[in-house]
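# Chains, contacts and geometry: an overview
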Amino acid sequence: MIYKIRIILDVEEDIFRDIEIEGSNTLEEFHNAITQAFGFGGSEMASFYTCDEEWNQDEEIALFDMSENGSDVRLMNETTLDDVLTEQSPKLIYVYDFLSMWTFFVELADIVEKEDGRSYPNLLFSFGELPDSPPEKKFEGESQIEFGDSLDSYDDMDFDENWN
């Protein structure tokens with residue numbers, strides 16, 4: 001089956017790409033299609049995240065396993081689109097380049113039959129120009145911790161003078 005997917009850049013103005021891709025393609029192949037559609041070099045780290053209807057981030061699906069001794073991280077090259085993107089859970093979050101934090105909302109629009117003679121992935125529609133730099137992200141918690149003035153100086157912290 002062919003998945004028609006809209007990828008929306010998280011900015012105030014509308015910037016998105018519509019891509020059709022085979023549901024059996026891996027997320028790594030989808031990642032490559034997204035980077036090409038938006039004009040990225042494709043050499044930066046990236047991850048997909050499963051999410052709920054309100055875009056609350058859940059499980060990470062990484063491009064590479066960066067842990068030293070292997071872990072339980074799901075990898076893009078081992079995960080197909082139809083494993084994570086369904087009519088019941090049609091949304092993903094995609095983050096490209098962890099230093100710049102280009103963030104995209106990925107939403108399944110339709111699932112259709114494959115057309116003979118058409119190659120996939122296929123860029124269906126492109127709207128808006130990618131800005132020169134990603135928007136500033138505000139990382140806010142739900143509550144603020146207040147620190148009192150309980151320490152008047154570092155002398156009160158009880159460090160051993162020769163600690164190093």
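Figured I'd write up the structure that's included with this text. (Residues numbered from 1 in each chain as written. Predicted model: local features only at pLDDT ≥ 70, side-chain atom pairs only at ≥ 80, totals over all residues. Heavy atoms only, no water.)

## Notes on the overall build of the chain
In terms of regular secondary structure, the chain is built from 2 helices and 8 strands. Starting at the N terminus and ending at the C terminus, the chain contains elements arranged as β-β-α-β-β-β-α-β-β-β. Sequence separation of 24 or more characterises 60% of the internal contacts of the chain that already satisfy a separation of 6 or more. Looking at the chain as shown, the accessible area adds up to about 11,200 Å², and 43% of this sits on carbon and sulfur atoms. (Helix = DSSP H or I, 4+ residues; strand = E, 2+ residues; numbered from the N terminus. Contact = heavy atoms within 4.5 Å. Areas by Shrake-Rupley, 256 points an atom, 1.4 Å probe, with all protein chains shown as cover.)

## Side note on the nonpolar core
Judged by nonpolar contacts, the single largest core of 30 residues is most densely connected at Ile5, Ile7, Leu27, Phe30, Phe48 and Phe104. For this core, the secondary-structure elements that each account for two or more residues are strand 1 (2-9), strand 2 (16-22), helix 1 (27-38), strand 3 (46-51), helix 2 (81-84), strand 6 (91-96) and strand 7 (102-112). With 6 residues, helix 1 is the largest single contributor of residues to this core. Discounting chain neighbours no more than four positions away, the residues touching Phe104 are Ile7, Ile8, Leu9, Phe38, Phe40, Leu92, Ile93, Tyr94 and Tyr96. (Core = buried A, V, L, I, M, F, W, Y, C linked by side-chain atoms within 4.5 Å. Buried < 20%, exposed > 50% of the residue type's maximum accessible area, 1.4 Å probe, protein only.)

## Some words on the pattern of salt bridges
Under the defined criterion, the tally for this structure stands at 6 salt bridges. Arg118 is the partner of Glu20 in a salt bridge, and the nearest nitrogen-oxygen pair spans 2.5 Å. Placement of Glu20 in strand 2 and of Arg118 in the loop between strand 7 and strand 8 (122-127) is noted, with a sequence separation of 98 residues between them. Classification of Glu20 as buried rests on a relative accessible area of 2%. Several salt bridges converge on common partners, so that one network encompasses Glu20, Glu115 and Arg118. (Salt bridge = Lys/Arg side-chain N within 4 Å of Asp/Glu carboxyl O.)

## Quick look at helix 1
When the terminal C-alpha atoms of helix 1 are compared, their 16 Å separation across 12 residues agrees well with the 16 Å that a helix rising 1.5 Å per residue should span. Along helix 1, the residues classified as buried are Leu27, Phe30, His31, Ala33, Ile34, Thr35, Ala37 and Phe38. Count one or two residues on from helix 1 and you reach Gly39, which has phi positive near 85 degrees. (Expected span 1.5 Å × (residues − 1).)

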